[in-house]
Amino acid sequence: MADETIETTGAEAAEAVELAQLAATTALEARDYLDAVTEVASGQLGSTALSVLLLAVSQLQVTGARLGAVADVVPARRFEPDAGPDPDVDPVRAGLANVLEGVDDYADVTDPLTNAELVRGALSDDLASVAADLVHGVRHFERGEVTEALWWWQFSYLSSWGLRSSAALRVLQSLLAHLRLDVDAETASDAEFDALHP
């Protein structure tokens, strides 16, 4: 019987270490995402803005997949401790809308499984909404509330930012594809000739 207790305690300790590592990785990826969207929103990246956003959102999708793949994280407390007011993401949203002017709006499906109705979306809204969800978890993590941060990131991934980042990723990939592939026939022919005859 004593061996079983040690085994369970060892398994619980190993799980706690894994969750702490997941929280640290998620916090790092969340901060990287927040830094990237803030930098793009500043308007100083020019033609690389879409590529930076594509990379940031793609990496965040990997982070979200990790959160979705683990068992439900349940905090010990039944209430969420108050981490104070979250930073205002409206300036980031406005900056992104300015940078993405003319390509910000898109069409999306409400839910591919239960409701195929088309709705309008805005890339700047999606990116800022994801930022708001992530920063809330970062604030818990920075206060040492690791389980609470993980719970929040996992819950909000499944209910909000996972969907919004997926929509944003599709739009960003589509934008880049159009920018690089939608060329007139003469330009494409010249590029093909140049590539084949150096």
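Rules and cut-offs
Residues numbered from 1 in each chain as written. Predicted model: local features only at pLDDT ≥ 70, side-chain atom pairs only at ≥ 80, totals over all residues. Heavy atoms only, no water. 1 Å grid on protein atoms, 1.4 Å probe; cavity = no way out; pocket = protein on both sides within 12 Å on 5 of 7 lines; lining within 4 Å. Points joined across faces, edges and corners; volume = space filled by probe spheres on them. Helix = DSSP H or I, 4+ residues; strand = E, 2+ residues; numbered from the N terminus. Nonpolar A, V, L, I, M, F, W, Y, C, P; charged D, E, K, R; others polar. Buried < 20%, exposed > 50% of the residue type's maximum accessible area, 1.4 Å probe, protein only. Arc of directions from axis to C-beta. Pairing = 2+ DSSP bridges. Polar contact = N/O pair within 3.5 Å; in protein donor to acceptor, adjacent residues only side chain to side chain. Salt bridge = Lys/Arg side-chain N within 4 Å of Asp/Glu carboxyl O. Phe/Tyr/Trp six-rings, centres within 6.5 Å; stacked < 30°, edge-to-face > 60°.

Q: Now, about the layout of surface pockets: what can you tell me, with residues and values included?
A: Considered as a void within the structure, the largest pocket measures approximately 300 Å³ in volume. For the largest pocket, the lining is made up of 17 residues, of which D108, V109, T110, P112 and L163 are closest to its centre. Broken down by secondary-structure element, the contributors of at least two residues to the lining of the largest pocket are β1 (105-111), β2 (115-122) and α5 (146-181). Among the residues making up the lining of the largest pocket, the classes are represented as 7 nonpolar, 4 polar and 6 charged. One number sums up the size of the second largest pocket: a volume of about 250 Å³. For the second largest pocket, the lining is made up of 14 residues, of which E15, L19, A71, V73 and L150 are closest to its centre. For the lining of the second largest pocket, the secondary structure elements donating two or more residues are α1 (2-41) and α5. Residues of the lining of the second largest pocket, tallied by class, amount to 10 nonpolar, 1 polar and 3 charged.

Q: Summarise helix α3 (residues 90-99); cite the residues concerned and give the values.
A: Taken together, the buried positions of α3 are occupied by V92, G95 and L96. End-on view of α3: buried residues confined to an arc of 100°, all on one side of the axis. Opposite the packed face of α3, turned more than 90 degrees from it, sit the exposed residues P91 and N98.

Q: Could you give an account of the pairing of β2, with specific residues and numbers?
A: As paired elements, β1 and β2 share 6 bridges and run antiparallel to each other. Residue A107 lies in a different strand from β2, and its bridge partner there is R120. The hairpin turn running from β1 into β2, its antiparallel successor, is 3 residues long.

Q: Go over the environment of S166, please, and point to the residues and values.
A: Mapped onto the secondary structure, S166 falls in helix α5. Judged by relative accessible area, which is 24%, S166 ranks as partly exposed. At 3.3 Å, the side chain of S166 and the side chain of Q61 are in polar contact.

Q: Can you break down the pattern of salt bridges residue by residue, with the values?
A: Under the criterion given, the structure shown has 7 salt bridges. Put simply, D90 and R93 hold a salt bridge, and the shortest N to O gap is 3.3 Å. Separated by 3 residues within a single helix, D90 and R93 lie in helix α3, roughly one turn from each other. Put simply, D126 and R164 hold a salt bridge, and the shortest N to O gap is 2.7 Å. In this pair, D126 sits in helix α4 (residues 123-142) while R164 sits in helix α5, placing the two residues 38 residues apart along the sequence. The partly exposed category is assigned to R164, whose relative accessible area is 25%. Here the salt bridges share partners, and the residues they tie into one network are D108, D126, R164 and R170.

Q: How would you summarise the side chain of T26 if you had to cite specific residues and measurements?
A: Tracing the backbone through its elements, the reader meets T26 in helix α1. Taking the relative accessible area as the measure of exposure, T26 reaches 1% and is therefore buried. Within polar-contact distance, the side chain of T26 engages the backbone oxygen of L22 at 2.7 Å.

Q: For the packing of aromatic side chains, give the residues involved together with the corresponding values.
A: Under the criterion given, the structure shown has 5 aromatic pairs. Between F141 and W153, the aromatic rings sit 6.3 Å apart at their centres with planes inclined by 40°, giving tilted as the arrangement. Of the two residues, F141 is situated in helix α4 and W153 in helix α5; the sequence distance between them amounts to 12 residues. The interplanar angle of 65° and the centroid separation of 5.0 Å between the aromatic rings of Y157 and W161 together place this pair among those described as edge-to-face. Of this pair, Y157 and W161 both sit in helix α5, 4 residues apart, roughly one helical turn. The same class applies to Y157 as to W161, namely buried. Put simply, the rings of W151, W152 and F155 touch in pairs and so form one group of aromatic residues.

None of the figures reported here should be taken as evidence of function without further support.
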